[in-house]
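Read off the chains here:
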Amino acid sequence: MNRIAIAIASLTAVCTVNSLVAAPAEDGMASDKAALAPLQTFVGLWRGVGQPRRGSSQDAWTETADWSWKFTDGRATLVFASPKGKFYRSGKLQPAGEKATFELIAERADDSGDDHFSGKLDDAGQLVLLAADDEKRPAEAPARITIRTVADGDRLLVLYEKRASGERYARLAEVGATRVGAAFAKGSGEPECVVTGGVGTIAVEYQGKKYYVCCTGCRDLFNDDPEGVLAEYRERKAAEKAKEK
């Protein structure tokens with residue numbers, strides 16, 4: 001075999017290996033996005049009030065939470081930042097090993113470490129997360145977190161509970177938050193996020209044309225690879241159109 005043939009064969013082998021390596025990453029991101037899609041309504045900026053006791057303003061506090069998508073190393077997660085959160089200041093929500101199961105890794109507000117939770121959506125559409133057994137977790141730390149949206153996705157309710165006795169839980173507090181800009185894009189003319197299919201609230205541009213994304217994470221992914229994002233978007237829309245026929 002001459003040198004040119006050897007070079008061609010080597011290049012072909014490298015390309016083949018690269019394609020095999022890239023495919024799992026792409027499949028992983030698509031799989032993560034599909035698994036997390038039912039939680040799309042969490043995405044957005046929220047302003048809320050926490051109440052230890054329902055219907056009472058005693059010891060109440062205010063906090064904000066910014067939920068967004070994050071795409072790194074070929075995987076997709078949902079992340080939140082809550083600088084003044086009473087219990088957690090940030091966290092990452094991702095698909096777990098078991099189908100339709102999610103894992104939450106949350107950073108405690110006092111910088112003492114992370115708490116790990118796992119759970120599923122219940123029949124009412126609430127995400128119910130139970131804390132993993134951890135001797136280092138504070139006794140008064142949340143042992144169960146229930147997250148749900150109401151009012152057509154404009155209200156986010158997060159209930160924190162501690163373990164009482166046996167399988168019982170006792171309320172620590174609930175944060176009721178309203179989506180910032182809740183009146184935006186109501187009705188049939190809602191822009192669509194080209195990355196996730198959620199409601200687009202941030203405008204981006206490519207080759208002189210405007211598109212929309214739902215959060216800063218999707219904006220960053222679009223800016224990094226607009227051709228890839230738009231190609232996937234067109235495929236998704238074509239598949240939706242085919243289903244309608």
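This write-up is about the structure you can find in this document.

Conventions used here
Residues numbered from 1 in each chain as written. Predicted model: local features only at pLDDT ≥ 70, side-chain atom pairs only at ≥ 80, totals over all residues. Heavy atoms only, no water. Pairing = 2+ DSSP bridges. Helix = DSSP H or I, 4+ residues; strand = E, 2+ residues; numbered from the N terminus. Axes fitted to C-alpha atoms, helices over the stretch in contact; angles between N-to-C directions. Core = buried A, V, L, I, M, F, W, Y, C linked by side-chain atoms within 4.5 Å. Buried < 20%, exposed > 50% of the residue type's maximum accessible area, 1.4 Å probe, protein only. Contact = heavy atoms within 4.5 Å. Salt bridge = Lys/Arg side-chain N within 4 Å of Asp/Glu carboxyl O. Disulfide = S-S within 2.5 Å.

The next subject is the sheet that holds strand β6 (residues 114-121). Taken in spatial order, the 10 strands close into a barrel running β1-β2-β3-β4-β5-β6-β7-β8-β9-β10, and their pairing is antiparallel. On average, adjacent strands in this sheet sit at an angle of 25° to one another, irrespective of strand direction. In terms of strand pairing, strand β2 (residues 61-72) meets strand β3 (residues 75-81) through 7 bridges, oriented antiparallel. For Trp-67, the partnering residue across the bridge sits in β3 and is Phe-80.

With that settled, consider the nonpolar core. Counting residues in each nonpolar core, the largest one holds 46 residues, and the members touching the most others are Trp-67, Trp-69, Leu-93, Val-195 and Cys-218. Considering every element that reaches this core, the biggest residue donor is β2, with 5 residues. The residues touching Val-195, leaving out its near neighbours within four places in the chain, are Lys-33, Phe-71, Val-213, Cys-218, Leu-221, Val-229 and Arg-236.

On to the pattern of salt bridges. Scanning the model with the defined rule gives 14 salt bridges in all. In this structure, the salt-bridge partner of Asp-32 is Arg-75, at a minimum N-O distance of 2.7 Å. A residue pair is termed long-range when its members are at least 10 positions apart, and Asp-32 in helix α1 (residues 3-36) and Arg-75 in strand β3 qualify at 43 residues. The class of Asp-32 is buried, set by a relative accessible area of 5%. The residue Asp-115 makes a salt bridge to Arg-108 at a minimum N-O spacing of 2.8 Å. Residue class for Arg-108 comes out buried when judged on its relative accessible area of 7%. Connected via shared salt-bridge partners are Glu-192, Arg-236, Lys-237 and Glu-240.

Another aspect to go through is the state of the cysteines. Among covalent bonds in proteins, the disulfide is the one between the sulfur atoms of two cysteines. For the structure on display, the rule yields 0 disulfides. Unpaired in this structure, Cys-214 has its nearest cysteine sulfur neighbour in Cys-193, at a distance of 3.7 Å. Note on Cys-214: relative accessible area 7%, which makes it buried. Cysteine Cys-218 remains unbridged, with the sulfur of Cys-215 as its closest cysteine sulfur at 3.7 Å. On the basis of relative accessible area, Cys-218 is assigned to the buried category, the value being 0%.

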